[in-house]
Amino acid sequence: MKVALFGGAFDPIHNGHLRLAREFARRLHFDRVLLMPTYVPPHKLRADMAPAEDRLAMCRLAVGDANE
């Protein structure tokens, strides 16, 4: 199985992220793309950033049953 990691702040995750992940998988023939929110993204140090656990939950909700 060919698996890719797609990391980012995902604050919040949106359709653009999901479209990019799907196209990446399609073009490079990955069987699965795992979304990995950055715990402390160095390029986005904001006081109002959602906690990493919440961003992970948002990623899980965004993909729904696709993560099974």
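It should be noted that the structure appears before, not after, this text.
Below: a short report on this structure. (Residues numbered from 1 in each chain as written. Predicted model: local features only at pLDDT ≥ 70, side-chain atom pairs only at ≥ 80, totals over all residues. Heavy atoms only, no water.)

## Brief notes about the overall build of the protein chain
Phase 1: Tallying secondary structure elements over the protein chain gives two helices and two strands in all.
Phase 2: When the helices and strands of the protein chain are placed in sequence order, the string is β-α-β-α.
Phase 3: When each of the 68 residues of the protein chain is scored for burial, the buried share is 29%.
Phase 4: In the protein chain, the share of contacts with a sequence separation of at least 24, taken over all contacts with a separation of at least 6, comes to 68%.
Phase 5: With an accessible surface of roughly 5100 Å², the protein chain has 58% of that area assigned to carbon and sulfur atoms. (Helix = DSSP H or I, 4+ residues; strand = E, 2+ residues; numbered from the N terminus. Buried < 20%, exposed > 50% of the residue type's maximum accessible area, 1.4 Å probe, protein only. Contact = heavy atoms within 4.5 Å. Areas by Shrake-Rupley, 256 points an atom, 1.4 Å probe, with all protein chains shown as cover.)

## Thoughts on the pairing of strand β2 (residues 32-37)
Phase 1: Here strand β1 (residues 3-8) runs beside β2; their pairing, made up of six bridges, is parallel. In the sheet register, Leu5 faces β2, and the bridge partner there is Leu34.
Phase 2: For the handedness criterion, the β-α-β arrangement of β1, helix α1 (residues 15-28) and β2 is classed as right-handed. (Pairing = 2+ DSSP bridges. Right-handed = clockwise from strand over helix to strand, strands pointing away.)

## With respect to the side chain of Asp11
Phase 1: Looking at the secondary structure, you find Asp11 in the loop between β1 and α1.
Phase 2: Aside from chain neighbours lying at most four places away, what touches Asp11 is Arg46, Met49, Ala50, Arg55 and Met58.

## What to know about the environment of Leu18
Phase 1: Inspection of the secondary structure assignment puts Leu18 in helix α1.
Phase 2: Leaving out residues up to four positions away in the same chain, Leu18 has contacts with Ile13, Leu35, Ala62 and Val63.

## Focus: a nonpolar patch on the surface
Phase 1: Together, Met1, Val3, Leu5, Leu34 and Met36 make up an exposed nonpolar region whose accessible area comes to about 530 Å².
Phase 2: For the nonpolar patch, the secondary structure elements donating two or more residues are β1 and β2.
Phase 3: When you line up the elements, Met1 lands in the segment before β1. (Patch = residues over 30% accessible without salt bridge, like charges linked within 9 Å, V, L, I, M, F, W, Y side chains within 5 Å. Salt bridge = Lys/Arg side-chain N within 4 Å of Asp/Glu carboxyl O.)

Nothing here speaks to function; it is all geometry.
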